[in-house]
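Survey of secondary and tertiary structure
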Amino acid sequence: MDIRTGNGFDVHRFGPGDGCWLCGVKVAHDRGLMGHSDADVGMHALTDAIYGALCEGDIGQHFPPSDPQWKGAESRIFLAHAMSRVAARGFTLTHADVTLICEFPKIGPHTVAMRQALAAITGVDAGRISVKATTSERLGFTGRGEGIAAMATATLVQTAPMQPVPIPPTPVAPTPPKPVQA
Ligand SMILES: Nc1ccn([C@@H]2O[C@H](COP(=O)(O)O)[C@@H](O)[C@H]2O)c(=O)n1
Ligand SMILES: C[C@@]1(CO)OP(=O)(O)OP(=O)(O)OC[C@H]1O
(Lines give C-alpha, C1' and ligand atoms only; values in the text may rest on other atoms or scores of the structure.)
(Ligands and ions follow the chains in the order given, each with its own letter.)
Protein backbone atom coordinates (compact mmCIF):
# COMPACT_ATOMS: atom_id res chain seq x y z
CA MET A 1 0.00 0.00 0.00
CA ASP A 2 1.27 3.45 -0.90
CA ILE A 3 1.07 5.73 2.15
CA ARG A 4 2.42 9.26 1.78
CA THR A 5 3.19 12.05 4.23
CA GLY A 6 3.71 15.68 3.26
CA ASN A 7 4.57 18.73 5.30
CA GLY A 8 3.84 22.39 4.71
CA PHE A 9 4.96 25.64 6.27
CA ASP A 10 3.84 29.22 5.67
CA VAL A 11 4.14 32.69 7.18
CA HIS A 12 2.09 35.86 6.66
CA ARG A 13 2.73 39.25 8.21
CA PHE A 14 0.20 41.33 10.09
CA GLY A 15 -1.08 44.60 8.61
CA PRO A 16 -4.13 46.80 8.90
CA GLY A 17 -7.42 44.96 9.29
CA ASP A 18 -10.11 43.68 11.61
CA GLY A 19 -9.37 39.98 11.58
CA CYS A 20 -7.51 37.09 9.98
CA TRP A 21 -8.66 34.25 7.78
CA LEU A 22 -7.32 31.14 9.49
CA CYS A 23 -8.24 27.63 8.29
CA GLY A 24 -11.33 28.99 6.58
CA VAL A 25 -12.61 31.01 9.56
CA LYS A 26 -12.44 34.81 9.91
CA VAL A 27 -11.04 35.32 13.41
CA ALA A 28 -11.63 38.78 14.85
CA HIS A 29 -8.39 40.63 15.64
CA ASP A 30 -7.13 44.19 15.71
CA ARG A 31 -5.07 43.48 12.57
CA GLY A 32 -5.29 41.37 9.43
CA LEU A 33 -2.82 39.16 7.56
CA MET A 34 -1.22 40.53 4.40
CA GLY A 35 -0.82 38.42 1.25
CA HIS A 36 -1.56 38.22 -2.43
CA SER A 37 -4.58 36.05 -1.61
CA ASP A 38 -6.72 36.17 1.55
CA ALA A 39 -3.49 35.14 3.39
CA ASP A 40 -5.02 32.13 5.14
CA VAL A 41 -1.70 30.90 6.45
CA GLY A 42 -3.10 27.66 7.90
CA MET A 43 -4.87 26.68 4.70
CA HIS A 44 -1.74 27.47 2.68
CA ALA A 45 0.38 25.21 4.90
CA LEU A 46 -2.14 22.38 4.55
CA THR A 47 -2.34 22.86 0.78
CA ASP A 48 1.46 22.66 0.55
CA ALA A 49 1.51 19.53 2.73
CA ILE A 50 -0.84 17.83 0.26
CA TYR A 51 1.20 18.92 -2.76
CA GLY A 52 4.27 17.64 -0.91
CA ALA A 53 2.75 14.21 -0.32
CA LEU A 54 1.95 14.02 -4.03
CA CYS A 55 5.39 15.36 -5.03
CA GLU A 56 3.56 17.98 -7.09
CA GLY A 57 5.42 21.16 -6.22
CA ASP A 58 4.06 23.93 -4.02
CA ILE A 59 1.24 26.45 -3.88
CA GLY A 60 3.23 29.21 -5.56
CA GLN A 61 3.96 26.98 -8.56
CA HIS A 62 0.26 26.25 -9.07
CA PHE A 63 -0.96 29.76 -8.17
CA PRO A 64 1.89 32.22 -8.85
CA PRO A 65 1.80 35.35 -6.69
CA SER A 66 2.72 37.25 -9.87
CA ASP A 67 -0.64 36.24 -11.45
CA PRO A 68 -3.29 38.95 -10.83
CA GLN A 69 -5.96 36.24 -11.13
CA TRP A 70 -5.18 35.16 -7.55
CA LYS A 71 -5.17 38.65 -6.01
CA GLY A 72 -7.50 38.54 -3.02
CA ALA A 73 -8.47 34.96 -3.87
CA GLU A 74 -10.14 32.74 -1.27
CA SER A 75 -7.63 30.11 -0.19
CA ARG A 76 -10.30 27.43 -0.45
CA ILE A 77 -9.57 27.53 -4.20
CA PHE A 78 -5.99 26.38 -3.57
CA LEU A 79 -6.96 23.62 -1.12
CA ALA A 80 -9.74 22.40 -3.43
CA HIS A 81 -7.22 22.18 -6.28
CA ALA A 82 -4.80 20.14 -4.18
CA MET A 83 -7.68 17.81 -3.28
CA SER A 84 -8.57 17.44 -6.95
CA ARG A 85 -5.00 16.26 -7.54
CA VAL A 86 -5.33 13.77 -4.63
CA ALA A 87 -8.38 12.25 -6.32
CA ALA A 88 -6.81 12.31 -9.79
CA ARG A 89 -3.80 10.40 -8.48
CA GLY A 90 -5.97 7.74 -6.78
CA PHE A 91 -5.25 8.83 -3.21
CA THR A 92 -7.43 9.62 -0.20
CA LEU A 93 -6.56 12.20 2.47
CA THR A 94 -6.81 10.17 5.66
CA HIS A 95 -5.46 12.67 8.19
CA ALA A 96 -4.32 16.28 8.43
CA ASP A 97 -2.76 18.20 11.30
CA VAL A 98 -2.33 21.99 11.27
CA THR A 99 -0.46 24.00 13.90
CA LEU A 100 -0.87 27.80 14.03
CA ILE A 101 1.94 29.70 15.77
CA CYS A 102 1.10 33.10 17.24
CA GLU A 103 0.58 34.86 20.55
CA PHE A 104 -2.68 36.45 19.32
CA PRO A 105 -5.35 35.92 18.25
CA LYS A 106 -6.16 33.01 20.52
CA ILE A 107 -7.02 30.03 18.36
CA GLY A 108 -8.50 27.59 20.89
CA PRO A 109 -12.08 28.93 20.77
CA HIS A 110 -12.11 28.56 16.96
CA THR A 111 -10.58 25.12 16.36
CA VAL A 112 -13.91 23.30 16.03
CA ALA A 113 -15.13 25.78 13.39
CA MET A 114 -11.76 25.56 11.61
CA ARG A 115 -11.86 21.76 11.51
CA GLN A 116 -15.39 21.89 10.14
CA ALA A 117 -14.39 24.44 7.51
CA LEU A 118 -11.43 22.32 6.35
CA ALA A 119 -13.65 19.22 6.39
CA ALA A 120 -16.20 20.93 4.15
CA ILE A 121 -13.54 21.89 1.59
CA THR A 122 -11.65 18.59 1.59
CA GLY A 123 -14.63 16.26 1.95
CA VAL A 124 -12.77 14.55 4.82
CA ASP A 125 -14.50 13.90 8.16
CA ALA A 126 -13.64 16.59 10.73
CA GLY A 127 -12.54 13.77 13.05
CA ARG A 128 -9.57 13.24 10.74
CA ILE A 129 -8.55 16.91 10.69
CA SER A 130 -6.67 18.47 13.59
CA VAL A 131 -6.12 22.19 14.16
CA LYS A 132 -4.11 23.34 17.15
CA ALA A 133 -2.04 26.31 18.24
CA THR A 134 1.01 27.28 20.19
CA THR A 135 2.74 30.50 21.10
CA SER A 136 6.48 30.88 20.61
CA GLU A 137 6.87 32.09 24.19
CA ARG A 138 7.09 35.70 22.92
CA LEU A 139 10.27 34.84 21.01
CA GLY A 140 10.96 35.65 17.38
CA PHE A 141 8.66 37.30 14.83
CA THR A 142 5.58 35.41 16.00
CA GLY A 143 6.42 36.25 19.60
CA ARG A 144 6.72 39.94 18.74
CA GLY A 145 3.31 39.79 17.06
CA GLU A 146 4.64 40.56 13.59
CA GLY A 147 2.85 37.71 11.87
CA ILE A 148 1.52 34.18 12.07
CA ALA A 149 3.32 30.98 11.07
CA ALA A 150 1.65 27.68 10.29
CA MET A 151 2.85 24.09 9.92
CA ALA A 152 0.84 21.21 8.51
CA THR A 153 1.16 17.49 7.91
CA ALA A 154 -1.01 15.53 5.49
CA THR A 155 -1.28 11.76 5.19
CA LEU A 156 -2.47 10.22 1.93
CA VAL A 157 -3.29 6.59 1.25
CA GLN A 158 -3.58 5.16 -2.24
CA THR A 159 -7.13 3.85 -2.66
CA ALA A 160 -7.34 3.52 -6.46
CA PRO A 161 -4.87 2.34 -9.10
CA MET A 162 -1.99 4.78 -9.34
CA GLN A 163 -1.99 6.91 -12.45
CA PRO A 164 1.48 7.29 -13.93
CA VAL A 165 2.90 10.75 -13.43
CA PRO A 166 5.58 11.84 -15.87
CA ILE A 167 8.66 13.20 -14.12
CA PRO A 168 9.83 16.33 -15.92
CA PRO A 169 13.29 15.93 -17.47
CA THR A 170 16.17 17.40 -15.52
CA PRO A 171 17.37 20.53 -17.32
CA VAL A 172 20.71 19.79 -18.96
CA ALA A 173 23.26 22.57 -19.27
CA PRO A 174 24.42 23.01 -22.88
CA THR A 175 27.69 21.19 -23.54
CA PRO A 176 30.45 23.75 -24.05
CA PRO A 177 32.07 23.51 -27.48
CA LYS A 178 35.28 21.49 -27.58
CA PRO A 179 38.40 23.63 -27.97
CA VAL A 180 39.59 23.66 -31.54
CA GLN A 181 42.82 21.64 -31.93
CA ALA A 182 45.65 23.64 -33.44
N1 LIG B 1 -2.53 31.70 19.55
C2 LIG B 1 -2.70 30.72 20.46
C3 LIG B 1 -1.63 30.14 21.14
C4 LIG B 1 -1.86 29.17 22.06
N5 LIG B 1 -3.13 28.76 22.30
C6 LIG B 1 -3.40 27.73 23.33
O7 LIG B 1 -2.66 27.99 24.48
C8 LIG B 1 -1.92 26.86 24.89
C9 LIG B 1 -0.63 27.24 25.52
O10 LIG B 1 0.25 27.78 24.58
P11 LIG B 1 1.84 27.58 24.78
O12 LIG B 1 2.49 28.22 23.62
O13 LIG B 1 2.14 28.25 26.07
O14 LIG B 1 2.07 26.11 24.82
C15 LIG B 1 -1.77 26.04 23.62
O16 LIG B 1 -1.59 24.69 23.91
C17 LIG B 1 -3.05 26.33 22.89
O18 LIG B 1 -4.05 25.45 23.36
C19 LIG B 1 -4.17 29.32 21.60
O20 LIG B 1 -5.33 28.94 21.78
N21 LIG B 1 -3.93 30.28 20.70
C1 LIG C 1 -1.26 31.90 -2.22
C2 LIG C 1 -0.50 32.81 -3.14
C3 LIG C 1 -1.43 33.08 -4.35
O4 LIG C 1 -0.84 33.88 -5.29
O5 LIG C 1 -0.21 34.08 -2.58
P6 LIG C 1 -0.12 34.54 -1.02
O7 LIG C 1 -1.46 34.88 -0.50
O8 LIG C 1 0.86 35.68 -0.94
O9 LIG C 1 0.38 33.32 -0.17
P10 LIG C 1 1.77 32.50 -0.10
O11 LIG C 1 1.67 31.64 1.07
O12 LIG C 1 2.91 33.45 -0.12
O13 LIG C 1 1.73 31.54 -1.39
C14 LIG C 1 1.97 32.06 -2.69
C15 LIG C 1 0.81 32.17 -3.64
O16 LIG C 1 0.55 30.92 -4.23
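Above: the structure in question.
Model, not experiment: these values are computed from the prediction. (Residues numbered from 1 in each chain as written. Chains lettered and ligands numbered in written order. Predicted model: local features only at pLDDT ≥ 70, side-chain atom pairs only at ≥ 80, totals over all residues. Heavy atoms only, no water.)

1. Details of the overall build of the chain
This is how the line gets drawn: Segments assigned H or I by DSSP are reported as helices when at least four residues long, segments assigned E as strands when at least two residues long, and all are numbered from the N terminus. The buried label goes to any residue with under 20% of its type's maximum accessible area, the exposed label to any with over 50%, and the partly exposed label to all in between, with areas taken from a 1.4 Å probe on protein chains only. Every accessible area reported is derived by Shrake-Rupley at a probe size of 1.4 Å, with residue values counting cover from the shown protein chains alone.
When you go through the chain residue by residue, the secondary structure sums to 5 helices and 7 strands. Taken over the C-alpha atoms alone, the chain extends approximately 75 × 45 × 35 Å along its principal axes. For the chain, buried positions account for 44% of its 182 residues. Of the roughly 10,000 Å² of accessible surface on the chain, 59% is carried by carbon and sulfur atoms.

2. A look at the site of ligand 2
Put simply, the rule reads: For this description, a residue counts as near a given molecule or strand if any of its non-hydrogen atoms is within 4 Å of it. Definition of a polar contact: a pair of N or O atoms within 3.5 Å, with one able to donate and the other able to accept a hydrogen when the atoms are protein atoms, and with sequence-neighbouring residues admitted only if both atoms are side-chain atoms.
Surveying the vicinity of ligand 2 reveals 13 residues, the closest of which are Asp10, His36, Ser37, His44 and Phe63. The side chain of histidine 12 places a nitrogen or oxygen atom 3.2 Å from an oxygen atom of ligand 2. Isolated, ligand 2 exposes 370 Å² of accessible area, and the fraction of that covered by the protein chains is 86%. Every element with two or more residues in the shell around ligand 2 is listed here: strand 1 (3-15) and helix 2 (59-62).

3. Digging into the nonpolar core
How we decide: Nonpolar core, defined: a set of buried Ala, Val, Leu, Ile, Met, Phe, Trp, Tyr and Cys residues in which side-chain atoms within 4.5 Å join the residues together. Here, residues are in contact when the closest pair of their heavy atoms is within 4.5 Å.
By size, the foremost hydrophobic cluster in this structure holds 46 residues, and its most contacted members are Leu22, Leu46, Ile50, Leu100, Met114 and Leu118. Mapped onto this core, the elements with two or more residues apiece are strand 2 (19-22), strand 3 (25-28), helix 1 (41-54), helix 3 (76-88), strand 5 (91-101), helix 4 (111-122), strand 6 (129-134) and strand 7 (147-158). No other element matches the 9 residues that helix 1 contributes to this core. Dropping the residues within four chain positions of it, leucine 100 is found in contact with Leu22, Cys23, Val41, Gly42, Ile107, Met114, Val131, Lys132, Ala133, Thr134, Ala149 and Ala150.

4. Some thoughts on the pattern of salt bridges
Threshold: Each salt bridge in this description consists of a side-chain nitrogen of Lys or Arg and a carboxyl oxygen of Asp or Glu lying within 4 Å of one another.
Evaluated as defined, the whole model comprises 8 salt bridges. With its nearest N and O atoms 3.0 Å apart, the salt bridge here joins aspartate 2 to arginine 4. By relative accessible area, which is 23% here, aspartate 2 ends up partly exposed. Here arginine 4 falls in the buried class, since its relative accessible area comes to 18%. The shortest N-O distance in the salt bridge between arginine 89 and glutamate 56 comes to 2.6 Å. Placement of the pair is arginine 89 in the loop between helix 3 and strand 5 and glutamate 56 in the loop between helix 1 and helix 2, with a sequence separation of 33 residues. What emerges from the salt-bridge pattern is a single network uniting Glu56, Arg85 and Arg89.

5. Points about the sheet that holds strand 5
Quick note on the threshold: Pairs of strands are assigned from DSSP output, requiring at least two bridges between the strands. Lines fitted to C-alpha atoms define the axes, with helix axes restricted to the stretch in contact, and inter-axis angles between N-to-C directions lie between 0 and 180 degrees.
Strand order in this open sheet of 5 strands is 4-1-7-5-6, and the pairing throughout is mixed. The open sheet terminates on both sides in strands that have one partner only, identified here as strand 4 (32-33) and strand 6. Against the sheet, helix 4 contacts strand 5 and strand 6, and its axis sits at roughly 140° relative to strand 6.

6. Comments concerning the site of ligand 1
Note the cut-off: Classes in brief: Ala, Val, Leu, Ile, Met, Phe, Trp, Tyr, Cys and Pro nonpolar; Asp, Glu, Lys and Arg charged; the others, Gly included, polar.
Within the structure, ligand 1 sits among Cys102, Glu103, Pro105, Lys106, Ile107, Gly108, Ala133, Thr134, Thr135 and Glu137. Within the side chain of threonine 134, a nitrogen or oxygen atom sits 3.1 Å from an oxygen atom of ligand 1. A total of 460 Å² of accessible area belongs to ligand 1 in isolation, and the protein chains cover 59% of it. Residues belonging to the shell around ligand 1 are distributed by class as follows: 4 nonpolar, 3 polar and 3 charged.

7. Some details on the packing of aromatic side chains
Just so we agree on the cut-off: Each aromatic pair joins two rings of Phe, Tyr and Trp (for Trp, the six-membered one) with centres within 6.5 Å, and gets the label stacked for planes under 30 degrees apart, edge-to-face for over 60, and tilted for any other angle. Two conditions define a charge sitting above a ring: the NZ of Lys or the CZ of Arg must be within 6 Å of the ring centre, and it must be within 35 degrees of the ring normal.
For the structure on display, the rule yields 3 aromatic pairs. Pairing phenylalanine 63 with phenylalanine 78 gives two aromatic rings, centres 4.7 Å apart and planes at 50°, and the pair type is tilted. Taken together, the positions of phenylalanine 63 in the loop between helix 2 and helix 3 and phenylalanine 78 in helix 3 put the pair 15 residues apart, joining distant regions of the chain. Pair check on accessibility: phenylalanine 63 and phenylalanine 78 agree, each one buried. Between tryptophan 70 and phenylalanine 78, the aromatic rings sit 6.2 Å apart at their centres with planes inclined by 75°, giving edge-to-face as the arrangement. Put simply, the rings of Phe63, Trp70 and Phe78 touch in pairs and so form one group of aromatic residues. Positioned above the aromatic ring of phenylalanine 14 is the side chain of arginine 31, whose terminal nitrogen or guanidinium carbon lies 4.5 Å from the ring centre. The side chain of lysine 106 reaches across the aromatic face of phenylalanine 104, ending 5.0 Å from its centre.

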